[in-house]
Every structure is written in C-alpha cells, then in structure tokens.
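Chain by chain, the residues run as shown.
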Amino acid sequence: MSAVYPMVPVPQALRTVLQQAATTIVEASKKEQQNNPHAVESSSIISLSSPPCLVGRVCSETIYAPEQGYPPYHASVMDGYAININDMHLDLVNDNSTIKRFQIVDRIYAGSTAASTTSASKVKQAMNILINDNLPKAIYVTTGAVIPYPTYNTVIPLEQVNEYISNQVIAIDLNVLQNAEPNMWIRNVGCDIPPKTIILEKGEIIDSVHIGLLLQCGVTEVKVQPKPVVGILSTGNEIMSIEEMKKNGYRNRSSANHNSLESLGMIPDANGPVLSALLTSYQSCEIIDYGIVSDDDIEVLTDTISKAIQHCNVLITTGGISMGEKDVIEHVLYDKLGCRIHFGRLHMKPGKPTTFATSDKKKQNINGGNDDSDVD
C-alpha cells in the first residue's frame with residue numbers, strides 16, 4: 001500500500017519539478033565537462049528553410065541582431081516622392097506662390113537601388129531626361145524602397161502631390177511642405193530591431209515569431225539542443241489497448257460481448273494516448289510509448305520502469321499511485337528501484353494522487369488512473 005504523503009499546493013509542486021529539472025541539467029553538464037574537458041555541447045543545426053522543425057526547439061546559443069539592426073537601410077513607408085525638406089525652408093518663407101515645383105530625377109522601387117546616388121550626369125543618361133538644375137529634386141519611391149538618405153530625408157505621399165505637370169515635374173502645395181519634417185514617412189536604419197538586440201537567448205524555446213525575426217536579421221540556421229525523451233507508461237489490470245478494443249468489439253455496445261466486458265470492469269486506455277497527443281502538440285520532445293503493464297506483474301512493471309528510466313529523460317506513468325492494494329507504483333519506485341519521492345499528493349481535485357520522483361539524474365511524474373485527472 002502506498003505511503004501517506006501530505007498534500008502539496010500545485011505552485012509548490014511545479015517549483016519542485018522545475019528546480020529538480022534545472023539541477024539535473026546543470027549537474028549533467030558539469031559531469032560531462034569533468035569527464036571530458038574538451039567536450040563540445042551536444043546540439044543540432046537546423047535551417048530556417050524548415051520552420052516546422054524549429055518551432056518548439058530550445059535554442060543552444062544567444063543570437064543578436066546585426067550591427068545595423070533592421071531595416072538595414074532607410075526605407076519609404078509610403079508610395080510618394082522623396083525630397084530634402086531642409087534645403088527648402090528658407091525658400092518657402094519668401095515664396096509667394098501656393099505650390100512648389102520639383103524635378104523628378106529618379107524612380108526607386110522596392111528591391112532596387114537609387115541611380116541618383118551616383119553623379120548627376122549618370123542620372124540623366126540612365127533616365128534619358130533633361131534635368132532643370134534650378135528646381136529642387138525629387139525621387140519617386142514605392143513603399144519599402146531605399147531612400148538615398150540623407151540627401152533625401154522626407155517622403156511626400158502620392159495623395160498629397162498637388163499636380164503632375166509632366167512625367168518629369170511635379171507640384172506640391174506649400175501647406176504640405178510647411179508641415180513636412182525630416183524623417184517623415186521614412187523607416188530609419190534599425191528602427192524596427194535596434195542594433196545588437198537579443199533575438200533569441202540560449203535556452204529559450206523557439207516560436208513562430210522568432211522565425212520571422214531571425215530571417216529579418218539575416219540568420220539562416222540555428223543551433224538547438226537535443227529534444228528530451230519522454231516515456232509514457234499506462235498501468236492497471238482494467239485498461240485495454242486499442243487493439244484489444246477492436247478484438248473484443250468494445251465499440252459495439254449492443255452486443256453480448258460488450259456486456260461481458262462491462263461486467264469485467266474493463267475500460268479503454270485513454271490517458272496514454274491523450275498524453276502522447278498533448279506532448280506531440282508541443283513539438284519539443286521525442287516520445288516513447290511503453291504501452292500497458294498489469295498491476296499484478298510486479299517484476300515486469302519493475303523491469304519496464306527501470307529500462308524506461310535508462311532511456312528517457314522523463315517518464316510519465318498513469319494509474320497505480322493511489323491508496324489501494326493494487327496501487328504499486330510507489331512500491332516499485334521506492335523499494336525496488338531506490339527512487340526519491342519528492343511529493344505524493346497534490347492539493348487538487350481531480351488529480352490528488354500525483355507523485356514526483358527522481359532516480360539518479362532522471363525524473364518521473366506519476367499520475368492517478370482516473371481518466372479525467374491526468375490531463376488538465
């Protein structure tokens with residue numbers, strides 16, 4: 001029969017599990033370094049071309065944004081015309097007209113660079129136009145286009161352009177220009193992601209948002225830690241596997257065969273598959289299913305748990321952990337395998353019969369057999 005343990009509050013139980021897990025990781029790392037001072041931390045490199053393979057994994061290095069941050073260039077926020085507003089403030093004060101004309105000297109689209117960053121003669125040749133040097137210059141830009149900053153430091157949106165005099169000259173209302181300021185409608189270098197920002201910390205779980213941030217920062221592959229191995233073991237004389245359910249016609253409730261099963265008190269193993277599905281959804285561990293073991297076969301139960309502890313980082317068992325004569329899991333763990341029991345009851349209903357134990361550097365979580373108590 002199981003020992004009587006005091007009920008532990010759920011937050012305290014969670015702290016105990018996390019502290020033991022952290023201690024195990026640190027001690028294992030120290031031991032590895034002592035045995036092999038030149039050992040390299042085990043990790044895998046995964047390309048960002050396979051995002052589903054990265055989500056849920058634990059990053060094994062700290063990744064920073066590049067020195068220029070993101071975006072790496074001054075970019076237009078709007079479709080419009082880039083001008084240099086600083087060169088015109090004195091002219092605007094003394095200008096009696098209601099509009100200001102600009103010479104279009106270039107067109108820059110998202111993904112292209114500016115011809116106007118070169119000499120004026122090359123601009124004329126590239127655009128095959130006659131530039132009027134008496135007019136202030138403007139560059140047509142699309143959203144996301146590179147701004148030749150600081151030569152051009154403001155973008156006037158298309159809807160605020162007063163008149164298209166020709167395909168080479170535009171007119172903009174003076175009120176618009178007087179309200180314009182440097183850097184208006186421009187995303188400056190590093191405004192979204194500042195230089196040297198931490199994108200991913202060592203030990204952080206990678207999610208879908210990280211994928212976008214990493215790509216924006218030019219990262220193409222990430223080092224990740226190996227996935228922990230989690231074993232799942234269902235125990236109890238009364239539970240059936242899916243194969244046994246099919247064999248015995250459990251779904252056909254109108255048959256005499258089903259009535260026979262009910263008289264024997266047999267139920268499907270729902271806990272094991274639910275736990276397996278839940279862990280799979282996290283995408284952060286490898287799962288080993290140890291199937292179902294009877295409460296009556298202590299030797300098989302002991303051997304199965306012993307092997308699972310050797311192969312898994314965590315073992316989750318369901319059933320056999322309450323106070324009845326057939327609840328033998330704690331007996332196997334404590335008396336047969338020498339495990340340390342950290343807590344044996346939770347202040348929670350359903351789910352009170354929940355035990356957490358450690359064996360050497362391995363951890364085990366044991367839940368009661370009630371179908372509703374194992375997953376919350």
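Residues numbered from 1 in each chain as written. Predicted model: local features only at pLDDT ≥ 70, side-chain atom pairs only at ≥ 80, totals over all residues. Heavy atoms only, no water.

Looking at the nonpolar core
We apply this condition: What makes a nonpolar core is a set of buried Ala, Val, Leu, Ile, Met, Phe, Trp, Tyr and Cys residues whose side-chain atoms join them at distances within 4.5 Å. Each residue is placed in one exposure class: buried if its accessible area under a 1.4 Å probe, protein chains only, is under 20% of its type's maximum, exposed if it is over 50%, and partly exposed if it falls in between. Secondary structure elements follow DSSP: runs of H or I of four or more residues count as helices, runs of E of two or more count as strands, with numbering from the N terminus. We call two residues in contact whenever any of their non-hydrogen atoms come within 4.5 Å of each other.
If you look at the biggest cluster of nonpolar residues, it comprises 16 residues, and the most contacted ones within it are L48, L54, I63, I206, L214 and V222. When contributions to this core are tallied by element, the ones reaching two or more residues are β12 (198-200), α6 (208-216) and β13 (221-224). With sequence-adjacent residues up to four places away left out, L54 is seen in contact with I46, S47, L48, I206, I211, V222 and V224.

Looking at α6
Defined as follows: Picture the helix axis, draw a direction to every C-beta atom, and the arc is the one those directions span.
Of the residues making up α6, those classed as buried are H210, I211 and L214. Along the axis of α6, the buried positions cluster into a sector of 105 degrees, meaning they face one direction only. Those residues of α6 that are exposed and aimed more than 90 degrees away from the buried face are S208 and V209. Along its buried surface, α6 packs onto α2 (51-54), β3 (63-64), β12 and β13.

What about the pattern of salt bridges?
Defined as follows: Put simply, a salt bridge is a Lys or Arg side-chain nitrogen that is within 4 Å of an Asp or Glu carboxyl oxygen.
Here the structure, examined in full by the defined rule, presents 4 salt bridges. Of the charged contacts in the structure, one is a salt bridge between D303 and K307, with a shortest N-O distance of 3.2 Å. Of this pair, D303 and K307 both sit in helix α10 (residues 298-311), separated by 4 residues, roughly a single helical turn. Of the residues examined, D303 reaches a relative accessible area of 38% and is grouped as partly exposed.

Remarks on the packing of aromatic side chains
So the rule is basically this: Classification of ring pairs rests on two measures: the distance between centres of Phe, Tyr or Trp rings, Trp counted by its six-membered ring, which must be within 6.5 Å, and the angle between planes, read as stacked under 30 degrees, edge-to-face over 60 and tilted in between.
Taken as a whole and judged by the stated rule, the model has 4 aromatic pairs. On the numbers, 5.6 Å between centres and 65 degrees between planes, the contact of Y81 with Y140 is edge-to-face. One end of the pair, Y81, is in strand β5 (residues 80-83); the other, Y140, is in strand β7 (residues 137-141), with 59 residues separating them in the sequence. A relative accessible area of 4% places Y81 in the buried class. The buried category is assigned to Y140, whose relative accessible area is 17%.

Here we look at the confidence of the model for the protein chain
Where we set the bar: A score between 0 and 100, pLDDT records how confident the predictor is in each residue.
Predicted confidence across the protein chain gives a mean pLDDT of 83, with 79% of residues reaching 70 or more. Note that residues 116-123 has pLDDT below 50 and, in this model, 10 contacts with residues that lie over four places away or in other chains. Here residues 369-376 scores under 50 on pLDDT; set against residues more than four positions off or in separate chains, the count is 19 contacts.

Remarks on the pairing of strand β9 (residues 161-164)
Basically, it comes down to this: When DSSP finds two or more bridges between two strands, those strands count as paired.
Pairing of β9 with strand β10 (residues 169-173), which is carried by 3 bridges, proceeds in the antiparallel orientation. Bridged to V161 within β10 is I172. Here β9 hands over to β10 after 4 residues, the two strands then running antiparallel side by side.

A few points about helix α9 (residues 271-282)
Inclusion rule: Expected span of a helix, by definition, is 1.5 Å for each gap between consecutive residues, and there is one gap fewer than residues.
The end-to-end C-alpha distance of α9 is 17 Å, a good match for the 16 Å that 12 residues give at a rise of 1.5 Å each. For α9, the complete set of buried residues consists of N271, G272, L275 and L279. Here the buried residues of α9 occupy an arc of 95 degrees about the axis, which is enough to place them on one side. Buried residues along α9 sit in contact with β14 (229-235), β17 (286-293) and β18 (314-318). Where α9 ends, the next residue or the one after it, Q283, has phi of about 60 degrees, a positive value.

Looking at unusual backbone geometry
Omega for the bond connecting Y70 with P71 falls within 30 degrees of zero, at 0 degrees, which places this linkage in the cis form. Here P71 is to be found in the loop between β3 and β4 (75-76). In this structure, the amide linkage connecting K349 to the following residue, P350, adopts the cis form with an omega of -5 degrees. Notably, N183 is not glycine yet its phi reads approximately 75 degrees, a positive angle. Look at N183 and you get partly exposed, because its relative accessible area is 29%. With a phi angle near 60 degrees, Q283 is a residue other than glycine that sits in the positive phi range.

Comments concerning the sheet that holds strand β6 (residues 99-108)
Strand pairing in a sheet is mediated by backbone hydrogen bonds. Such pairs are either parallel or antiparallel. Quick note on the threshold: Angular values range over 0 to 180 degrees, each being the angle between N-to-C directions of two axes fitted as lines to C-alpha atoms, with helices fitted over their stretch in contact.
Read across the open sheet, the 6 strands follow the order β8-β5-β7-β6-β10-β9; overall the sheet is mixed. Either end of the sheet is taken by a strand with one partner, and the two such strands are β8 (154-157) and β9. Mean inter-strand twist for the sheet, computed between neighbouring axes without regard to direction, equals 40 degrees. Strand direction decides the pairing type here: β6 and β10, joined by 5 bridges, are antiparallel. Along β10, the bridge assignment pairs F102 with I170.

A closer look at the environment of G190
By the secondary structure assignment, G190 is in the loop between β11 (186-187) and β12. Using a relative accessible area of 9% as the deciding quantity, one classes G190 as buried. For the pair formed by G190 and Q68, sequence separation is 122 residues and the distance between their alpha carbons is 6.0 Å. If near-sequence neighbours (up to four positions away) are discounted, G190 is found in contact with Q68, G69, Y70 and P71.

Examining the pairing of β7
In terms of burial, β7 is largely enclosed, as 4 of its 5 residues are buried. As paired strands, β5 and β7 are joined by 3 bridges and run antiparallel to one another. Following the sheet pairing, Y81 is matched in β7 by Y140. Pairing geometry for β6 and β7, over 5 bridges, is parallel.

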